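# Summary of the model geometry
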Amino acid sequence: MSALIAAITEHAEAARFLAWPGDFDLDRADHGEEVHLASGAALEGFAGDGAGGTFFFCGDGGEERPVLYADSEGQAALVATGLPELLRLLLVAPWWRDCPGFSAAESARAGADYREDLPDLPLRRDRAAAALGLVLPTEAEVLARLREVVTGAGEEFVLILTPEGSPYEPLFAG
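Notes on the structure in this doc start here. Starting from 1, residues in each chain are numbered consecutively following that chain's sequence as written. Local features in a predicted model are, by the rule used here, given only for residues with pLDDT of at least 70; side-chain atom pairs are given and counted only at 80 or more, and totals for whole chains, interfaces and linings are based on all residues. Where side-chain values are given, they derive from all heavy atoms of the structure, hydrogens and water being excluded.

## Notes on the sheet that holds strand 4 (residues 67-70)
- Here a strand pair is declared whenever DSSP counts at least two bridges between the two strands. Helix numbering and strand numbering both begin at the N terminus, where a helix is a DSSP run of H or I of at least 4 residues and a strand a DSSP run of E of at least 2. Across the sheet, which stays open at both edges, the five strands sit in the order 2-3-4-5-8 with mixed pairing between neighbours. Looking at the sheet topology across the chains shown, the edges are occupied by strand 2 (43-48) and strand 8 (169-170).
- One ladder, built from five bridges, connects strand 2 with strand 3 (residues 54-58); its direction is antiparallel. The residue of strand 3 that forms the bridge with Gly48 is Thr54.

## Brief notes about helix 1 (residues 3-10)
- Type-normalised accessible area, obtained with a 1.4 Å probe on protein chains alone, sets the label of each residue: buried when under 20%, exposed when over 50%, and partly exposed for intermediate values. Listing the buried residues of helix 1 in full gives Leu4, Ile5, Ala6, Ala7 and Ile8.
- Structurally, helix 1 contributes buried residues whose contacts are with helix 2 (12-19), strand 2, strand 3, helix 3 (83-92) and helix 5 (121-132). Note on contacts: a residue pair qualifies if any of its non-hydrogen atoms lie within 4.5 Å across the two residues.

## Examining the nonpolar core
- Among the buried residues, those of types Ala, Val, Leu, Ile, Met, Phe, Trp, Tyr and Cys that are joined through side-chain atoms within 4.5 Å form a nonpolar core. Counting residues in hydrophobic clusters, the biggest one holds 43 residues, and the most contacted among them are Phe24, Phe46, Leu86, Leu87 and Trp96.
- Of the residues forming this core, the biggest block, seven residues, is contributed by helix 3.
- If sequence neighbours within four positions are ignored, Leu86 has contacts with Phe24, Phe46, Phe55, Val67, Val79 and Ala80.
- One finds Val35, Phe56, Leu68 and Leu159 within the second-largest nonpolar core, a separate group that totals twelve residues.

## As for the side chain of Glu85
- Within the element layout of this structure, Glu85 appears in helix 3.
- Pairing of N or O atoms within 3.5 Å defines a polar contact, subject to two protein rules: one partner must be a possible hydrogen donor and the other a possible acceptor, and residues neighboring in sequence count only if both atoms are side-chain atoms. Reaching out from Glu85, the side chain makes a polar contact with the side chain of Arg145 at a distance of 2.6 Å.
- Residue contacts for Glu85: discarding those within four places in its chain leaves Val79, Ala80, Arg145 and Val149.

## Digging into the sheet that holds strand 6 (residues 159-161)
- Strand order in the open sheet formed by three strands is 1-6-7, and the pairing between neighbours is antiparallel. Two strands bound the open sheet, and with one partner strand each, they are strand 1 (35-37) and strand 7 (166-167).

## Quick word on the packing of helix 3 against helix 6 (residues 139-152)
- To get an axis, fit a line to the C-alpha atoms, keeping to the stretch in contact for a helix; angles then go from 0 to 180 degrees between the N-to-C directions. Relative to each other, helix 3 and helix 6 sit at 130°, their axes nearing to 10 Å. Accordingly, the angle class assigned to the pair helix 3 and helix 6 is oblique. Judged by the sense of rotation from one axis to the other, the crossing of helix 3 with helix 6 is left-handed. Note on element contacts: helix 6 touches helix 3 through Glu139, Val142, Arg145, Leu146 and Val149, opposite Glu85, Arg88, Leu89 and Val92.
- Just so you know the grouping, Ala, Val, Leu, Ile, Met, Phe, Trp, Tyr, Cys and Pro go in nonpolar, Asp, Glu, Lys and Arg go in charged, and all remaining residues, Gly too, go in polar. A breakdown of the residues in the contact of helix 3 with helix 6 according to their chemical character gives five nonpolar, no polar and four charged. Roughly parallel here means an angle under 35 degrees, roughly antiparallel means over 145, roughly perpendicular means 65 to 115, and every remaining angle is called oblique. For a crossing to be left-handed, the near helix must be turned anticlockwise from the far one by less than a right angle; the clockwise case is right-handed.

## With respect to the environment of Cys99
- Here Cys99 is to be found in the loop between helix 3 and helix 4 (104-117).
- Among the residues examined, Cys99 registers a relative accessible area of 0% and is labelled buried.
- Taking the C-alpha atoms as reference, Cys99 lies 10.0 Å from Gly111; in sequence the two are twelve residues apart.
- Beyond its immediate sequence surroundings of up to four residues, Cys99 is in contact with Glu106, Ser107, Leu143 and Phe172.

## Some details on unusual backbone geometry
- Residue Pro21 is bonded to the preceding Trp20 through a cis peptide linkage, with omega at 20°.
- Considering the arrangement of structural elements, one finds Pro21 in the loop between helix 2 and strand 1.
- One non-glycine residue, Phe102, lies in the positive phi region at around 60°.
- Counting through the fold element by element, Phe102 comes out in the loop between helix 3 and helix 4.
- Residue classification places Phe102 among the buried positions, given a relative accessible area of 10%.

## Observations concerning the packing of aromatic side chains
- Here a pair means two rings of Phe, Tyr or Trp (six-membered ring of Trp) with centres within 6.5 Å. Their orientation is stacked below 30 degrees between planes, edge-to-face above 60, and tilted elsewhere. Tallying each qualifying case throughout the model produces nine aromatic pairs.
- Note on Phe46 and Phe57: the rings are 3.9 Å apart at their centroids and 15° apart in plane angle, and the pair reads as stacked. Of the two residues, Phe46 is situated in strand 2 and Phe57 in strand 3; the sequence distance between them amounts to eleven residues. Considered together, Phe46 and Phe57 belong to a single accessibility category, that of buried residues.
- Seen from their ring centres, Trp95 and Tyr114 are 5.2 Å apart, and the 55° between their planes marks the pair as tilted.

In short, geometric facts, not functional conclusions.
So, in structure tokens, the structure goes:
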């Protein structure tokens, strides 16, 4: 088992934060559809969200592999260059999918609802990060990095619905 994945399973508080509000659950790795990468590189589902989306490691290796997210509506995007980067995104801006323009204003609007519902969100986030040994960047930094990863992804990270041979749509309109 990989180091960060093991840390998540060993630290219930971190796992709870990642499950909600992070919407990231290691027990939901089955995507439900047969998919592959256009490049033919390995694709490994390792976690999912409550709406049927899946986080995939791309290529060979461990937690340093690029992470692609595919929702249940046929959209996908490369979202991180490794598990540590993905976890920082989920901890700092669990509302990342509500920020299609990657802007601070979008993040403030989306985050306000979370903070209203979860007034202890910063405390829980910081404890989860400490349990996982992660230093957290700012919201602006994680969104800038998300933009960089999403817009810099090449054709090798296009997700294909295998039975139909059709590509998933981009998760973020570009």
